[in-house]
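Remarks on the overall topology
If you want the building blocks of each chain, they are given just below.
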Amino acid sequence: MRAPASDVPVELEDVSVLVGPVALLDGVTMRLTPGAPTVLIGPNGAGKTTLLRIVMGLIAPSRGRVTWAGREHVAPDRRAIVFQRPAMLRRSAAGNIRYALAAAAAPRAKRTERITELLALVGLSGLERRPARRLSGGEQQRLALARALAREPDLLLLDEPTASLDPAATKAIEDIVRAVAARGVKVVMSTHDLGQARRVGGDVALLHRGRLIEHAPAADLFTAPRTEEAKRFIAGELLV
Amino acid sequence: MDTDASALHLVLTGDPGLYAIVALSLIVSLTALAFAALIGIPLGAALALVRFPGREAVIVFLNALMGLPPVVIGLAVFLLLSRSGPLGSWGLLFTPQAMIIAQTIMVAPIIAALTRQTIEDLWAEYRDELTAMNVGPSLRIATLIWDARFSLVTALLAGFGRAAAEVGAIIIVGGNIDGFTRTMTTAIALETSKGDLSLAIGLGMVLLAIIVAINAFAWGARRLGEHFAG
């Protein structure tokens, strides 16, 4: 059964992830606190995905320390992640959610009801029996979100959840993110879309070449960036 | 022409001798396939997921076993089961059980090797999701086997094809005893050498028809399953 304690806040202390001589993350110190969504921005290769994987606990830092509510090495019972290209299990849409519910040891009697609720939440009602791998890209992304929410996480990580979606599908995902955050779930998401960071982010962290350049409330970062990189990135210049 | 006509006559009139041979062939090969699947699928899945020193050598060895000549397997099982062999007291030599043992040994590496490859590919796709869902090792293996089930049918077909087609192993350990251990392939070999081509051709036709029918059935089942499960 699920652990009673929350995984939030998450603290990263001087975290580096090294692959050979390359630092995917380089001395990142940050604190993810309960509240509005945290949005990670930065160019490709900035370290956004690696940071999400660290926060999920999928990879261990080469240097530094990560703690979830003050504890190290916490099983991912209270957190969930949606990958940029989520893998669909070879089952129906409902079967994918049922699997996540079973993996999270959700009460058996309530699983069918939860599946209906979650599919409705992500706007996939009526597609219960459709094989998940036959859904469109946007539908798969929403199903992956429903699958993640089936775990009833208090920390939800989203890796560029709207990267290849059209505006309508993007809005659908953003609405779900807001609804989930309003229920008290801490959302951390990465995006390339500065507009989205403004719309969704309570606080925004800019990463570049594995380093955390600036982490501030969205209003502050977009109106009064403190660093040169942040000024240039927000002005639409290419950080290379 | 006469030979062909009498072969067809044997098949169409349901010649009891011919059908006893067909039935025994199917019982031996399908039983061996079932045992080989019970051994090969979990073994292949474990080999795909568990990392240990010497794993790659085991994979190379397993792949090499796929090409093991049936007569060599027959000889090894013969030596095991012969009166003076380590398992001689079981009294299994020249019985259908001995043939099942030989074919199981022949087919299990094929199923294990193909399962290993299939599960390893699927694991590469599922690894992040299952790790993020905190799925434990036994459920992980069960999930991968279940989700790869349509691909694993191909592994089973490959195993069945090899078992149903081989003659070298079962003729050594079964002895080709009329009415007891005579199968389609051993009978074809014997009848051809005796010059009774009509029975040999009749059996050949039946053997081909069975293999085509089983493959068609498996293909249909696979397509149907994919339609519903993706």
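Being a predicted model, the structure only gives us computed values, none of them experimental. (Residues numbered from 1 in each chain as written. Chains lettered and ligands numbered in written order. Predicted model: local features only at pLDDT ≥ 70, side-chain atom pairs only at ≥ 80, totals over all residues.)

With respect to the overall build of chain B
The following threshold applies: Strands here mean DSSP runs of E at least two residues long; helices mean DSSP runs of H or I at least four residues long; both are numbered from the N terminus. Remark: C-beta atoms are placed from the backbone, and a residue is labelled buried if 20 or more other C-beta atoms sit within 10 Å of its own, exposed if 12 or fewer do, or partly exposed between those counts. Contact between two residues is assigned whenever their backbone-derived C-beta positions fall within 7 Å.
The helix and strand inventory of chain B stands at ten helices and zero strands. Considered along the principal axes of its C-alpha atoms, chain B spans approximately 65 × 50 × 25 Å. The burial tally for chain B puts 37% of its 230 residues in the buried class. Here the analysis covers contacts within chain B between residues at least 6 apart in sequence; of these, 79% occur between residues at least 24 apart.

Brief notes about helix α4 (residues 70–81) of chain B
Note: α-helices contain 3.6 residues per turn, so residues at a spacing of three or four share the same orientation. Residue and element names in this part refer to chain B. Applied cut-off: In this analysis, the expected span of each helix is defined as 1.5 Å times one less than the number of residues it contains. As used here, the arc belongs to the directions running from the helix axis to the C-beta atoms.
Look at α4: 16 Å from first C-alpha to last across twelve residues, which is about the 16 Å you get at 1.5 Å a residue. Turning to α4, its buried residues number three or more, namely Pro70, Ile73, Gly74, Val77 and Leu81. For α4, the angular spread of the buried residues around the axis is 100 degrees, confining them to a single face.

Digging into the sheet that holds strand β1 (residues 10–19) of chain A
Residue and element names in this part refer to chain A. Applicable threshold: If DSSP finds at least two bridges between two strands, the strands pair. Here an axis means a line fitted to C-alpha atoms, over the contact stretch when the element is a helix, while the angle between two N-to-C directions is reported on a 0 to 180 degree scale.
Strands sit in the order β2-β1-β4 across an open sheet of three strands; the sheet is antiparallel. Edge positions in the sheet fall to β2 (22–32) and β4 (63–68), since each has one partner strand and no second. Recorded for the sheet is a direction-independent mean angle of 20 degrees between the axes of neighbouring strands. Strand direction decides the pairing type here: β1 and β4, joined by five bridges, are antiparallel. Across the sheet, residue Val10 finds its bridge partner in β4, namely Trp68.

Points about the sheet that holds strand β8 (residues 203–208) of chain A
All names here are of chain A. Across the sheet, six strands lie side by side as β5-β6-β7-β3-β8-β9; this open sheet has mixed pairing. The open sheet has two edge strands, β5 (79–82) and β9 (211–217), and neither has a second partner. The mean inter-strand angle of the sheet, taken between neighbouring strand axes irrespective of direction, is 15 degrees. Note that strand β3 (residues 38–41) and strand β7 (residues 186–190) share three bridges and pair parallel. Bridged to Val39 within β7 is Met189. Contacting β5 and β6 (155–159), helix α4 (residues 137–149) crosses the sheet at an angle of about 170 degrees to β5.

Some thoughts on the interface of chain A and chain B
Each partner contributes to the interface: chain A provides 19 residues, whereas chain B provides 13 residues. Looking at the side of chain A that touches chain B, the elements that each hand over two or more residues are β5 and α2 (93–103) of chain A.

Topic: the domain arrangement of chain A
All names here are of chain A. Using the following cut-off: What fixes the domain bounds is an automatic or database domain assignment.
Segmenting chain A into domains produces domain 1 (1–78 + 154–240) and domain 2 (88–152). Distance between the C-alpha centres of domain 1 and domain 2: 25 Å. In this assembly, eleven residues from domain 1 lie in contact with twelve residues from domain 2. It is helix α5 (residues 167–182) that provides the largest number of residues to the side of domain 1 that touches domain 2, a total of five residues.

Description of the environment of Leu32 of chain A
If you trace the backbone, Leu32 of chain A turns up in strand β2. Excluding anything up to four places from it in sequence, Leu32 of chain A contacts Val8, Pro9, Val10, Thr38, Val55, Lys186 and Val188 of chain A.

Looking at the pairing of β1 of chain A
In regular strands, side chains alternate between the two faces of the sheet. All names here are of chain A. Where β1 meets β2, seven bridges bridge the pair, whose relative direction is antiparallel. Counted as the bridge partner of Val17 is Leu25 from β2. Taking the residues that link successive antiparallel strands as the turn, the β1-β2 hairpin has two residues, and the phi of Gly20 there is positive, at about 60 degrees.

Description of the environment of Arg116 of chain B
Residues and elements named next belong to chain B. Mapped onto the elements of the fold, Arg116 is located in helix α5 (residues 96–132). For the pair Arg116 and Leu62, spaced 54 residues apart in sequence, the C-alpha separation works out to 9.9 Å. Ignoring any residue separated from it by four or fewer positions in sequence, one finds Arg116 in contact with Gly44, Leu47, Ala48 and Ile59.

Examining the pairing of β7 of chain A
All names here are of chain A. Under the convention used in this document: For the handedness criterion, the strands are oriented away from the viewer, and a crossover whose path from the first strand over the helix to the second runs clockwise is classed as right-handed.
Buried residues dominate β7, accounting for five of its five residues. Burial along β7 is two-sided: the face carrying Lys186, Val188 and Ser190 and the face carrying Val187 and Met189 are both buried. By the bridge criterion, five bridges tie β6 to β7 in an arrangement that is parallel. Residue Leu156 lies in a different strand from β7, and its bridge partner there is Val187. For the crossover from β6 across α5 to β7, the handedness is right-handed.

Thoughts on unusual backbone geometry
In this structure, the amide linkage connecting Val8 of chain A to the following residue, Pro9 of chain A, adopts the cis form with an omega of 5 degrees. Turning to its location among the elements, Pro9 of chain A is positioned in the segment before β1. For Asn134 of chain B, which is not glycine, the phi torsion reads 60 degrees and is therefore positive. Among the structural elements, Asn134 of chain B can be located in the loop between α5 and α6 (137–147). You can call Asn134 of chain B partly exposed: it has 17 C-beta atoms within 10 Å.

Some thoughts on the packing of α2 of chain A against helix α3 (residues 111–121) of chain A
When two helices pack together, their arrangement is given by the angle between the helix axes and by the axis-to-axis distance. Residue and element names in this part refer to chain A. Condition: Angle categories are assigned with fixed cut-offs, so that under 35 degrees is roughly parallel, over 145 is roughly antiparallel, 65 to 115 is roughly perpendicular, and the rest are oblique. By the definition used in this description, the sense in which the near helix is turned from the far one sets the handedness, with an anticlockwise turn below a right angle giving left-handed and a clockwise turn giving right-handed. When residue character is reported, Ala, Val, Leu, Ile, Met, Phe, Trp, Tyr, Cys and Pro are called nonpolar, Asp, Glu, Lys and Arg charged, and the others, Gly included, polar.
For the pair α2 and α3, interaxial distance at closest approach is 10 Å and the crossing angle is 120 degrees. Viewed along their axes, α2 and α3 adopt a mutual orientation that is oblique. For α2 against α3, the interelement crossing comes out right-handed. Contacts between α2 and α3 pair Ala93, Ala94, Ile97, Arg98 and Leu101 from the former with Arg111, Arg114, Ile115, Leu118 and Leu119 from the latter. Its residues assigned to classes, the contact of α2 with α3 shows seven nonpolar, no polar and three charged.

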